[in-house]
Amino acid sequence: MREVAVIGVGQTEFGELWDRSFRDLGIEAGLKAIQDANVRSEDIDAVYIGNMSAGKFIDQEHVSALVADYAGLADMHLPTVRIEGGGACGAIALLQARLAIMSGLHDIVIVGGAEKMTDVGDVQAAEILSSTADQEWESVFGATFAGLYAMMARRHMHEYGTTREHMASVAVKNHKNGALNPEAQFQKEITMDTVLNSPWVAEPLGLFDCAPLSDGAAALVLCSMEKARKFTDAPIRIAGSGQASDFLAVHDRRDLTTMDATVVAGKRAFAEAKCEPKDVQVAEVHDNFTITEILAIEDLRFVEKGKGGPATMDGWTALNGKISVNPSGGLKARGQPVGATGVAQAVEIVRQLRGQAGKRQVVGATRGLTHTLGGTGATAVVHLFERGS
Amino acid sequence: MAIPRFWREIQSRYNLIGSKCGSCGKVDFPARAVCPDCGRKSVGKMQRLKLNGKGSVVTYTVIHDAPAQFEMMKPYVMAIVEMDEGVRLTSQLLDVHPDDVKIGMRVQATFRKLGQEGEAGVIHYGYKFRPAG
């Protein structure tokens, strides 16, 4: 199977972008990535779009053709594919695009991720997010998306002694990183008191334990490694990818404090890339809630099970710490336009490995990881990236 | 939730009807067509089973930011309950102050109103839980 590289990246600013439509965002990210890769439209073989729920957020389905059309590609009659997989859809789109190149079918593929979330009210947006949980056996009884993660957090506190301060330190760290990211939704540092004193959303999670609702888009240009050198001297190789699923409802899972989908997706990606967690210097992990990042760094084996909270508080995962986790600010501070998440994470890792991450650059980064969740963890995707030698 | 969609599940929501695998004996709720442990071996051997309604709290949360139809109830307690048959489910926990909820506390199912379609639509009923005894 052929090697695949990222040769172009692009991203819009993330935030409550009242003056920008879904198409504006998708096109801006896509064009930036195409310019960055220096490919021509006739070089492009296919378009893969990650989008969670344009149907509910903006009443528009069929966004795969829409994005290609408004990016000026309608006359190319390209195959376009829209992937749905809750919050993991962008990461799955990347994985599927990679497979299409690995197989030999395509040489150059655009991967986009986009979500326009602020055209509906906050309560409605929260309900749309919770539609990735089990509607029949969780939501109908009053369990919110935050509530389901809160129950994982409570159990983690019970089993491992994790505290609210441990969780708050995730938000403090990610806001500190976001302050260095000009595309982040929140470019402002916060204190632990801000997190601890924020109003409850679902105990033990307060408002500042939660990632925001956001508009935004991100895009990548993937290319077969054999052709990548025609476009760039610094192709970033996708060294391994893993995807896994689990029970849809949280209550059916084997362990409420471990996301088995993350564990398995991580093992698959590391096995393909023939490396270990200790070989990774920078990671963008799913932190839709503070507890989620703690679970992720444990389940990806960056830290021992149960030690994610203390490790974060002790600065292991800070910028240029033992392993830099969420240097972009993560979902918490960079923002969470759901469909864009997995793609934006890859954009950040590519920039880090190219040495183009500005003030938030991880020194000497040669290998990076993205970790993306769908729903409450019923889907997980892990990608590993390496700087080409 | 559309009326037929809710109505299709009333056996489980009213009467806690789950299933038991005829191959390994594992209990599931709601009823499944295939046992997650036995896979294809279990097809055609899944038997109906009514849960006894008693269990223990595995974890819980107090919801303050609620969906529109639960707005009047907030703050309310949601819990994952492990039933005595070994299967777990998610439900509201009633008749207890949020500060008094503990992991491990014994609870029992009770039949309550879950919600309704708008102001004049059909009422949804089903299980919630309250402290046992």
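Residues numbered from 1 in each chain as written. Chains lettered and ligands numbered in written order. Predicted model: local features only at pLDDT ≥ 70, side-chain atom pairs only at ≥ 80, totals over all residues.

Peer 1: Go over the overall build of chain B, please, and point to the residues and values.
Peer 2: The helix and strand tally for chain B stands at two helices and eight strands. Each principal axis of the C-alpha atoms in chain B carries an extent, and together these give about 45 × 35 × 25 Å. Counting the 133 residues in chain B, one finds 33% classified as buried. Taking contacts inside chain B between residues at least 6 apart in sequence as the whole, the part at least 24 apart equals 47%. (Helix = DSSP H or I, 4+ residues; strand = E, 2+ residues; numbered from the N terminus. Buried ≥ 20, exposed ≤ 12 C-beta atoms within 10 Å, placed from the backbone. Contact = placed C-beta atoms within 7 Å.)

Peer 1: Tell me what's going on with the sheet that holds strand 2 (residues 27-28) of chain B, and back it up with residues and numbers.
Peer 2: Residues and elements named next belong to chain B. Pairing in this open sheet of three strands is antiparallel, and the strands run 2-1-3 from one edge to the other. Edge positions in the open sheet fall to strand 2 and strand 3 (46-50), since each of these has one partner strand only. Bridge count for strand 1 (residues 17-21) against strand 2 is two bridges, and the pairing is antiparallel. Counted as the bridge partner of Ser19 is Asp28 from strand 2. (Pairing = 2+ DSSP bridges.)

Peer 1: Summarise the pairing of strand 6 (residues 88-93) of chain B; cite the residues concerned and give the values.
Peer 2: Residue and element names in this part refer to chain B. The buried fraction of strand 6 is high, at five of six residues. Examined bridge by bridge, strand 5 (residues 76-83) and strand 6 share six bridges and lie antiparallel to one another. Pairing of Val77 across the sheet is with Leu93, part of strand 6. Hairpin geometry of strand 5 and strand 6 is characterised by an intervening segment of four residues between the two adjacent antiparallel strands and by a positive phi of about 100 degrees at Gly86.

Peer 1: So what's going on with the sheet that holds strand 12 (residues 379-387) of chain A? Which residues, and what values?
Peer 2: Residue and element names in this part refer to chain A. Read from one edge to the other, the open sheet built from ten strands follows the order 3-2-4-7-1-8-12-11-9-10, with strand pairing classed as mixed. Two strands in the sheet have a free side with no partner beyond their single neighbour: strand 3 (80-83) and strand 10 (324-325). Sheet topology note: the strand 9 (residues 282-284)/strand 10 ladder contains two bridges and is parallel. Residue pairing for strand 10: Ala283 is matched across the bridge by Val325. Against the sheet, helix 3 (residues 63-73) engages strand 2 (46-50), strand 3 and strand 4 (108-116), with an angle of about 125 degrees to strand 2. (Axes fitted to C-alpha atoms, helices over the stretch in contact; angles between N-to-C directions.)

Peer 1: Help me get a handle on the packing of helix 4 (residues 89-102) of chain A against helix 14 (residues 341-354) of chain A, residues and values and all.
Peer 2: All names here are of chain A. Axis separation between helix 4 and helix 14 bottoms out at 5 Å; the angle between their running directions is 65 degrees. If you check the angle between helix 4 and helix 14, you find them roughly perpendicular. Along the contact surface, helix 4 presents Cys89, Gly90, Ala91 and Leu94, while helix 14 presents Thr341, Gly342, Val343 and Ala346. Its residues assigned to classes, the contact of helix 4 with helix 14 shows five nonpolar, three polar and no charged. (Parallel < 35°, antiparallel > 145°, perpendicular 65-115°, else oblique. Nonpolar A, V, L, I, M, F, W, Y, C, P; charged D, E, K, R; others polar.)

Peer 1: Can you tell me about the interface of chain A and chain B, naming the residues and giving the values?
Peer 2: The interface is formed by 26 residues belonging to chain A together with 25 residues belonging to chain B. Of all the secondary structure elements, the ones that give two or more residues to the side of chain A that touches chain B are helix 5 (122-130), helix 6 (145-160) and strand 5 (200-203) of chain A. With seven residues, the single largest contributor to the side of chain A that touches chain B is helix 6 of chain A. Here the side of chain A that touches chain B is built from residues that sort into 14 nonpolar, five polar and seven charged. Relative to strand 4 (residues 54-63) of chain B, strand 5 of chain A runs antiparallel, the two being bridged by two bridges. Paired with Ala202 of chain A across the bridge in strand 4 of chain B is Ile63 of chain B.

Peer 1: Before we move on, can you summarise the environment of Thr376 of chain A with the specific residues and values?
Peer 2: All names here are of chain A. Relative to the helices and strands, Thr376 is located in the loop between strand 11 (367-374) and strand 12. The class for Thr376 is buried, based on 30 C-beta atoms found within 10 Å. Considering only alpha carbons, one finds Thr376 and Lys176, 200 residues apart in sequence, at a separation of 26 Å. Beyond its immediate stretch of four places on either side in the chain, Thr376 contacts Ala133, Leu148, Tyr149 and Val250.

Peer 1: Before we move on, could you go through the packing of helix 7 (residues 164-178) of chain A against helix 11 (residues 290-299) of chain A and cite the residues and values that matter?
Peer 2: Residue and element names in this part refer to chain A. Where helix 7 contacts helix 11, the two axes come as close as 8 Å, and the packing angle between them is 95 degrees. Between helix 7 and helix 11, the interaxial angle falls into the category roughly perpendicular. Touching Met167, Ala168, Val170 and Ala171 of helix 7 are Thr290, Ile291, Glu293 and Ile294, all from helix 11. For the contact of helix 7 with helix 11, the residue count by class is six nonpolar, one polar and one charged.

Peer 1: Would you mind going over unusual backbone geometry in detail, with residue names and values included?
Peer 2: Look at the link from Glu203 of chain A to Pro204 of chain A: it is a cis peptide, with omega at 5 degrees. Along the chain, Lys74 of chain B connects to Pro75 of chain B via a cis peptide bond; the corresponding omega equals -5 degrees. Note on placement: Pro75 of chain B falls in the loop between strand 4 and strand 5. The phi torsion at His62 of chain A lies on the positive side, around 65 degrees, for a residue other than glycine. The exposed category is assigned to His62 of chain A, around which 11 C-beta atoms lie within 10 Å. Positive phi values are uncommon outside glycine, yet Leu16 of chain B reaches one of about 55 degrees. Checked against the element boundaries, Leu16 of chain B lands in the loop between helix 2 (10-15) and strand 1.

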